[in-house]
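One letter stands for each residue in the lines below.
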Amino acid sequence: MSAPDAPSAEVAREVAAALARYVTDVVICPGSRNAALTLALLARRDVRVHVRIDERSAAFMALGMARQQRRPAAVVMTSGTAVANCLPAVIEAAQAHVPLVVLSADRPRRLVGTGASQTIDQVGLFGSYAPTVQVEGLGDVPQIHAALRDHAQAHLNVALDVPLLPEALPAPEGTSPHGPRTVHPHEVDHGEARIDLSLRTLVISGDEAWEVEGLGEVPTIAEPSAPTPFHPVHPLAAHLLRGGVDGISTKPEQVIVVGHPTLHRPVMALIEDPEIDVVVLSRTETVTDPGRRARRVASRVTVTGSTPEQWLKITEAASQMGAQAVREAVASTEYGFTGLHVAAAVADGVAVGDSLFLAASNAVRDAAMVGLPFDGVDTHTPRGAAGIDGTVGQAVGLALAAQSAEPDAVRAPRTVALLGDLALLHDAGGLLVGPLEARPENLTLVVANDEGGGIFETLEMGAPALRDSFERGFGTPHGVRVEELCRAYGVEYAAAESLQELITALDEAEEEGGFRLIEARTTRGTRREMHAALERAVRVGA
């Protein structure tokens with residue numbers, strides 16, 4: 001760490017120049033202490049600047065951009081609690097291995113602990129999730145390059161002293177935001193595992209999965225953000241695959257975990273079954289092995305043997321039972337208009353070339369039930385820490401990054417986001433796009449509004465014996481009028497009370513584009529019953 005050796009404006013100029021070597025998009029939040037950084041970044045022609053008011057939502061918007069671009073995006077803010085607001089996005093970025101840079105302004109270190117206004121100890125604020133690079137002057141700027149080379153997530157904490165601003169606006173610098181950036185992959189090589197495919201083998205593929213050479217023909221349960229498998233197995237089939245039928249074992253002898261699966265309890269139970277050998281494949285430091293039972297961790301495989309025909313038939317039959325049960329539930333009027341119906345309509349409506357963002361909680365699980373992943377659809381979901389926070393900001397960031405990647409297209413690439421009402425309300429501020437800012441030109445938010453926490457209906461707290469406290473503690477009805485929320489933020493709005501109305505609204509959204517929200521008014525009262533029926537259908541069918 002060096003002492004201040006230049007005015008704040010000069011330090012900010014050099015920090016902005018260093019950052020521009022790695023990012024094309026920066027989300028700035030207004031503030032006084034970061035004013036020099038703001039002016040320096042606005043002067044750069046090789047960086048696209050977006051401005052947002054709320055640091056928390058801004059950080060998630062940058063995260064959404066980074067997901068789509070597969071390179072770092074940055075968020076910039078003033079000192080104090082403004083920096084702390086970025087912690088949720090930093091955690092999600094770190095656990096999902098999405099590159100994200102937090103560029104925070106700070107008071108000089110001599111003022112920390114003195115009671116100076118808007119001053120906290122920002123060094124190390126993000127702990128192990130994003131190491132802090134402390135910049136006190138020009139002599140510390142080279143550390144920025146080392147940090148962005150060595151870490152996927154970084155916290156650049158720039159101490160700026162008065163005078164904070166130059167006497168005139170800085171001169172424009174840089175050329176084009178479409179040029180290449182220096183991006184260093186942060187992959188871990190865990191070596192190679194030998195796999196005997198003559199054993200009954202099941203691949204469980206989650207977020208961050210990839211197409212593993214040698215496993216393409218193996219039956220695979222794939223989460224929506226994983227690659228589309230050649231032999232897909234419906235997640236409901238896990239109920240059947242944990243046992244046997246007519247004296248024939250339907251249990252896999254070995255499971256190959258690829259990436260970071262997290263969604264389905266019955267699927268995760270296969271990973272933790274002591275009778276099943278588990279091999280985990282990862283290209284990061286994260287090894288998905290909740291039961292700590294993996295006999296081998298690797299990044300690639302060498303295979304011998306081939307998948308037995310009988311095993312292919314067993315997994316295909318189990319998969320068909322699961323898919324059929326979902327189709328019948330969606331076709332039935334017994335359960336009303338549910339989140340599963342909404343996911344089915346969204347899944348049927350996306351096409352090759354579209355981007356799809358699936359919120360945590362019910363949205364991504366319902367999408368998995370109706371048959372995602374799809375080939376050619378760029379699907380993202382926050383499975384790092386699996387929270388609903390920042391959902392709208394991430395969807396907006398994803399859409400803006402997609403359209404900036406094709407600036408000369410006649411029409412912006414289409415982005416669709418599926419989320420619940422609580423995810424919407426948790427990040428309603430993400431709907432705010434100021435009149436001076438680039439707007440998503442083709443983003444549709446589909447909100448399955450079941451008036452509260454539908455995910456809890458199917459969990460332990462939704463059991464009949466606990467219902468007297470359920471609505472207050474978990475159902476959490478809110479009564480928000482979503483149409484008025486959209487009107488306040490200037491977002492186009494449509495409502496759907498049925499599956500057919502939703503399909504019509506989705507068709508109109510695809511035709512007209514723009515930034516719009518479709519509120520699908522669903523019920524959660526039948527969700528527990530419907531999920532129990534889906535599980536019974538697979539078990540009875542066996």
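These figures come from a predicted structure and were not determined experimentally. (Residues numbered from 1 in each chain as written. Predicted model: local features only at pLDDT ≥ 70, side-chain atom pairs only at ≥ 80, totals over all residues. Heavy atoms only, no water.)

Draft legend 1. Spotlight on the packing of helix H9 (residues 309–331) against helix H10 (residues 339–349). At a minimum axis distance of 9 Å, the contact between H9 and H10 shows a crossing angle of 105°. The pairing of H9 with H10 is recorded here as roughly perpendicular in orientation. Residue-level contacts link Val326, Ala329 and Val330 of H9 to Leu340, His341 and Ala344 of H10. (Axes fitted to C-alpha atoms, helices over the stretch in contact; angles between N-to-C directions. Helix = DSSP H or I, 4+ residues; strand = E, 2+ residues; numbered from the N terminus. Parallel < 35°, antiparallel > 145°, perpendicular 65-115°, else oblique. Contact = heavy atoms within 4.5 Å.)

Draft legend 2. Layout of the UniProt feature "domain: Thiamine pyrophosphate enzyme TPP-binding" (unreviewed entry) in the chain. This chain's UniProt record puts "domain: Thiamine pyrophosphate enzyme TPP-binding" (unreviewed entry) on residues 387–519. End-to-end, the C-alpha atoms of residues 387–519 are 21 Å apart, and along that stretch the chain is 36% helix and 19% strand. (UniProt positions renumbered as here; feature names shortened; annotations may be inferred.)

Draft legend 3. Broad picture of the packing of aromatic side chains. Per the stated rule, a full pass over the model turns up two aromatic pairs. When the centroid spacing of 6.1 Å and the interplanar angle of 35° are considered together, the rings of Phe470 and Phe474 count as tilted. Within this pair, Phe470 and its partner Phe474 are both found in helix H14 (residues 470–475), separated by four residues, close to a single helical turn. Among the aromatic residues, those joined into a cluster by ring pairs are Phe456, Phe470 and Phe474. Here the basic side chain of Arg467 rests over the ring of Phe470, its NZ or CZ set 4.1 Å away from the ring centre. (Phe/Tyr/Trp six-rings, centres within 6.5 Å; stacked < 30°, edge-to-face > 60°. Lys NZ or Arg CZ within 6 Å of the ring centre and 35° of its normal.)

Draft legend 4. Spatial organisation of the sheet that holds strand S13 (residues 277–281). The strand order S9-S8-S12-S13-S14 describes an open sheet built from five strands, whose pairing is parallel. Looking at which strands have only one partner, the edges of the open sheet turn out to be strand S9 (220–222) and strand S14 (296–298). The mean inter-strand angle of the sheet, taken between neighbouring strand axes irrespective of direction, is 20°. The pairing of S13 with S14 spans three bridges and is parallel. Bridge pairing in S14 links Leu281 to Ala298. (Pairing = 2+ DSSP bridges.)

Draft legend 5. Seen up close, the environment of Val49. Counting through the fold element by element, Val49 comes out in strand S2 (residues 48–51). The exposure class assigned to Val49 is partly exposed, which follows from its relative accessible area of 21%. For the pair Val49 and Glu437, spaced 388 residues apart in sequence, the C-alpha to C-alpha distance is 8.8 Å. Setting aside its immediate chain neighbours within four residues, Val49 contacts Val26, Ile28, Leu41, Leu42 and Glu437. (Buried < 20%, exposed > 50% of the residue type's maximum accessible area, 1.4 Å probe, protein only.)

Draft legend 6. Layout of the nonpolar core. Core analysis: the largest hydrophobic core is formed by 78 residues, its most contacted members being Leu419, Leu424, Leu445 and Leu502. No other element matches the eight residues that helix H3 (residues 55–69) contributes to this core. Those residues in contact with Leu445, other than ones at most four positions away along the chain, are Val392, Ala395, Ala417, Leu419, Leu431, Phe515, Arg516, Leu517 and Ile518. (Core = buried A, V, L, I, M, F, W, Y, C linked by side-chain atoms within 4.5 Å.)

Draft legend 7. Here's a closer look at the sheet that holds strand S19 (residues 442–449). Taken in spatial order, the six strands make up an open sheet running S17-S16-S18-S19-S21-S20, and their pairing is parallel. Each having just a single partner strand, strand S17 (378–380) and strand S20 (492–496) make up the two edges of the open sheet. On average, each strand axis in the sheet is tilted by 15° relative to the strand beside it, whichever way the strands run. In this sheet, strand S18 (residues 415–420) lies alongside strand S16 (residues 355–358) in parallel orientation, the contact comprising four bridges. Residue pairing across strands places Phe357 opposite Ala417, the latter belonging to S18.

Draft legend 8. Expanded view of the pattern of salt bridges. One pass over the full model with this rule turns up 25 salt bridges. Asp25 is paired through a salt bridge with Arg48; the nearest N and O atoms lie 3.0 Å apart. Note that Asp25 is positioned in strand S1 (residues 25–28) and Arg48 in strand S2, a separation of 23 residues in sequence. Just as Asp25 is buried, Arg48 falls in that class too. (Salt bridge = Lys/Arg side-chain N within 4 Å of Asp/Glu carboxyl O.)

Draft legend 9. Structural context of the environment of Glu512. With respect to the secondary-structure elements, Glu512 resides in helix H16 (residues 499–512). Separated by 97 residues in sequence, Glu512 and Thr415 place their C-alpha atoms 13 Å apart.

Draft legend 10. Region of interest: the pairing of S1. Every second residue of S1 is oriented toward a common face, with Asp25 and Val27 on one face and Val26 and Ile28 on the other, all of them buried. Here four bridges tie S1 to S2, and the two strands are oriented parallel to one another. In the sheet register, Val26 faces S2, and the bridge partner there is Val49.

Draft legend 11. Local environment of a negative patch on the surface. Taken together, the side chains of Asp507, Glu508, Glu510 and Glu511 define an acidic patch exposed on the protein surface. Along the chain, Glu508 turns up in helix H16. With a relative accessible area of 40%, Glu508 lands in the partly exposed category. (Patch = residues over 30% accessible without salt bridge, like charges linked within 9 Å, V, L, I, M, F, W, Y side chains within 5 Å. Areas by Shrake-Rupley, 256 points an atom, 1.4 Å probe, with all protein chains shown as cover. Lys, Arg positive; Asp, Glu negative; His and termini not counted. Charge placed at Lys NZ, Arg CZ, Asp CG, Glu CD.)

Draft legend 12. Up close: H9. For H9, with 23 residues, the first-to-last C-alpha span of 32 Å sits near the 33 Å given by 1.5 Å per residue. The set of residues buried in H9 consists of Trp311, Leu312, Ile314, Thr315, Ala318, Ser319, Gly322, Ala325, Val326, Ala329 and Val330. (Expected span 1.5 Å × (residues − 1).)

Draft legend 13. Representation of the pairing of strand S7 (residues 192–196) in the model. Because side chains alternate across S7, one face comprises the buried residues Ala193 and Ile195, and the other comprises Glu192, Arg194 and Asp196, none of which is buried. Alignment of S7 against strand S15 (residues 300–304), held across five bridges, turns out to be parallel. Counted as the bridge partner of Ala193 is Val301 from S15.

Draft legend 14. Fine view of the packing of helix H1 (residues 8–19) against helix H2 (residues 35–42). At a minimum axis distance of 8 Å, the contact between H1 and H2 shows a crossing angle of 50°. For the element pair H1 / H2, the angle class is oblique. Remark: the crossing between H1 and H2 carries right-handed chirality. Where H1 abuts H2, its residues Ser8, Ala9, Ala12, Arg13, Val15, Ala16 and Leu19 lie against Ala36, Leu37, Ala40 and Leu41. Partitioning the contact of H1 with H2 into residue classes produces nine nonpolar, one polar and one charged. (Left-handed = near helix turned anticlockwise from the far one by under 90°. Nonpolar A, V, L, I, M, F, W, Y, C, P; charged D, E, K, R; others polar.)

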